[in-house]
Amino acid sequence: MKKLLIGIYILIMIGIVFAIGNSNLFDNENSKAIAAGEKVYNKNCLICHGETGKGEGKNAGTALNNQHFLNSVSDQDLYNYIKHGREGTAMPAYGPRLSDKEIKNLTVFIRNWQTEKIDLEAPKSITGSPENGEKLYSLYCLSCHGEAGAGILKMGPALSNPQYLKDTADSQIWIDTAYGREETRMGPSLKGQEGVRQLRKQDISDIVSYIRSLEQNNAPSKTAE
Ligand code: HEC
Ligand code: HEC
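Everything numeric here is computed off the predicted structure, so don't read it as measured data. (Residues numbered from 1 in each chain as written. Chains lettered and ligands numbered in written order. Predicted model: local features only at pLDDT ≥ 70, side-chain atom pairs only at ≥ 80, totals over all residues.)

Quick look at the overall build of the protein chain now. Scanning the protein chain from terminus to terminus reveals 10 helices and 0 strands. Secondary structure elements in the protein chain, listed N-terminal to C-terminal, are α-α-α-α-α-α-α-α-α-α. Buried residues in the protein chain amount to 31% of all 225 residues. The contacts of the protein chain with a sequence gap of at least 6 include a subset with a gap of at least 24, amounting to 64%. (Helix = DSSP H or I, 4+ residues; strand = E, 2+ residues; numbered from the N terminus. Buried ≥ 20, exposed ≤ 12 C-beta atoms within 10 Å, placed from the backbone. Contact = placed C-beta atoms within 7 Å.)

Structure representation (structure tokens):
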């Protein structure tokens, strides 16, 4: 009996040592990916998104090191944004320039900037009136995001960009609009947040419906002229 107990004890110890060893191995892999991603970032992205990722680069780039942004996107979203870029804006598509591994390492590097877990909630179903949304957009958003979401350099990114709309869920547009992005010009719009706009939830859904409607306007027209 005693021997059996000792045997079990040894097995458990081996199990624990193995588990710890394994998690170290994983951490190692992760820090390797972060270091590799940082190199690619410094070479390709720093000039626009900035040394600390707050959008302070020499050229126009948004803040990626931003807790609201990082809490609203998945790793897959980040990967898609980097791979596909946004044609017609300053953001190049890196699919043709970097390997899949390099883009994944970049994703791990950017994710490593996330230091907080913030619950940003969007309504389960986002439907609304694009007409009312357009009115609100013209009042509250156009000054930075431009006519029909075309974007204004160094003021606000393009919202009508087809690649942006393709890679971005309604819930994320809702969250960006409602909660804004701390320490950027993009302040919160939801009533009760410290923002200037104080919109109701339905107003924000209306604006999202309007932004989503810009997708069709943007599609290359099938009938010539
Ligand atoms: C020439 C400047 C430039 C370079 C170089 C650049 N970006 Fe961007 N990036 C931008 C701009 C500008 C936007 C916003 C696009 C818009 O106006 O709609 C953007 C958007 C993004 C977004 C989406 C952010 C959001 O708020 O939705 C990610 C992620 C991103 N860039 C990552 C990268 C990474 C990673 C690299 C390097 C491999 C990189 N970018 C290189 C200018 C740049
Ligand atoms: C004072 C200028 C300003 C105003 C007004 C403003 N925004 Fe923004 N918005 C920005 C900037 C700057 C960013 C990019 C922040 C960053 O660097 O991450 C942004 C980002 C966004 C994004 C994320 C875009 C992306 O590429 O991921 C959405 C969605 C958005 N704004 C919607 C709105 C809506 C809707 C309104 C009106 C209710 C509005 N904004 C009003 C400046 C503004």
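Still more ground to cover, so stick around.
Here we take up helix H9 (residues 170-179). In terms of burial, H9 is a largely internal element, 7 of the 10 residues being buried. When we look at burial in H9, the residues that qualify are Ile173, Trp174, Ile175, Asp176, Thr177, Ala178 and Tyr179. At the C-terminal side of H9, Gly180 shows a positive phi close to 65°.

Let's shift gears to the site of ligand 2. Around ligand 2 there are 25 residues in total, and Thr62, Ala63, Cys141, Cys144 and Met186 lie nearest to it. Those elements giving two or more residues to the shell around ligand 2 turn out to be helix H7 (142-145) and H9. Tallied by class, the residues present in the shell around ligand 2 amount to 12 nonpolar, 9 polar and 4 charged. Counting contributing residues, the shell around ligand 2 receives three or more from each of domain 1 (2-111) and domain 2 (130-218). (Near = placed C-beta within 6 Å. Nonpolar A, V, L, I, M, F, W, Y, C, P; charged D, E, K, R; others polar. Domains from an automatic or database assignment.)

This brings us to unusual backbone geometry. Of note, the phi angle at Ala148 is positive, near 50°, even though the residue is not glycine. Note that Ala148 resides in the loop between H7 and helix H8 (162-167). On the basis of neighbour counts, which here come to 18 C-beta atoms within 10 Å, the residue Ala148 falls in the partly exposed class. Positive phi is not limited to glycine here, since Glu183 has a value of about 60°. Examined against the element boundaries, Glu183 turns out to sit in the loop between H9 and helix H10 (201-218). Here Glu183 falls in the partly exposed class, since 13 other C-beta atoms lie within 10 Å of it.

If you check the shell around ligand 1, you find 26 residues, and the closest are Cys45, Cys48, Thr89, Met91 and Pro157. Listed by contribution, the elements that provide at least two residues to the shell around ligand 1 are helix H2 (46-49) and helix H4 (75-84). Looking at the shell around ligand 1, its residues break down into 17 nonpolar, 8 polar and 1 charged. Here the shell around ligand 1 spans two domains, and each of domain 1 (2-111) and domain 2 (130-218) adds at least three residues to it.

For the protein chain, per-residue confidence averages 89 on the pLDDT scale, and residues scoring 70 or more make up 86% of the total. Highest mean pLDDT in the protein chain belongs to helix H6 (residues 130-140) (98); lowest belongs to helix H1 (residues 2-44) (74). Counting contacts from residues 221-225, a segment whose pLDDT is below 50, to residues more than four positions away or on other chains yields 0 contacts. (pLDDT = per-residue confidence, 0-100.)

On to the environment of Tyr41. Looking at the element boundaries, Tyr41 is found in helix H1. A count of 19 C-beta atoms within 10 Å places Tyr41 in the partly exposed class. The spacing of Tyr41 and Thr107 is 66 residues in sequence and 9.9 Å in space, taken between C-alpha atoms. Beyond its immediate sequence surroundings of up to four residues, Tyr41 is in contact with Leu46, Leu106 and Phe109.

So, on to the packing of H4 against helix H5 (residues 100-111). At a minimum axis distance of 9 Å, the contact between H4 and H5 shows a crossing angle of 125°. With respect to their mutual orientation, H4 and H5 come out oblique. The interaxial crossing formed by H4 with H5 has right-handed handedness. Here H4 contributes Asp75, Leu78, Tyr79, Ile82 and Lys83 to the contact with H5, which in turn contributes Ile103, Lys104, Leu106, Thr107, Ile110 and Arg111. Looking at the contact of H4 with H5, its residues break down into 6 nonpolar, 1 polar and 4 charged. (Axes fitted to C-alpha atoms, helices over the stretch in contact; angles between N-to-C directions. Parallel < 35°, antiparallel > 145°, perpendicular 65-115°, else oblique. Left-handed = near helix turned anticlockwise from the far one by under 90°.)

What tends to happen in soluble globular proteins is that the nonpolar side chains get buried as a cluster. Membership of the largest hydrophobic core comes to 21 residues, with the highest contact counts inside it found for Trp174, Ala178, Ile204, Ile207, Val208 and Ile211. The element contributing the most residues to this core is H10, with 6 residues. What Ile204 contacts, discounting residues up to four positions off in sequence, is Trp174, Thr177, Ala178, Ser189, Leu190 and Leu199. Counting residues in each nonpolar core, the second largest holds 13 residues, with Leu64, Leu78, Tyr81 and Ile82 among its members. (Core = buried A, V, L, I, M, F, W, Y, C linked by C-beta atoms within 7 Å.)

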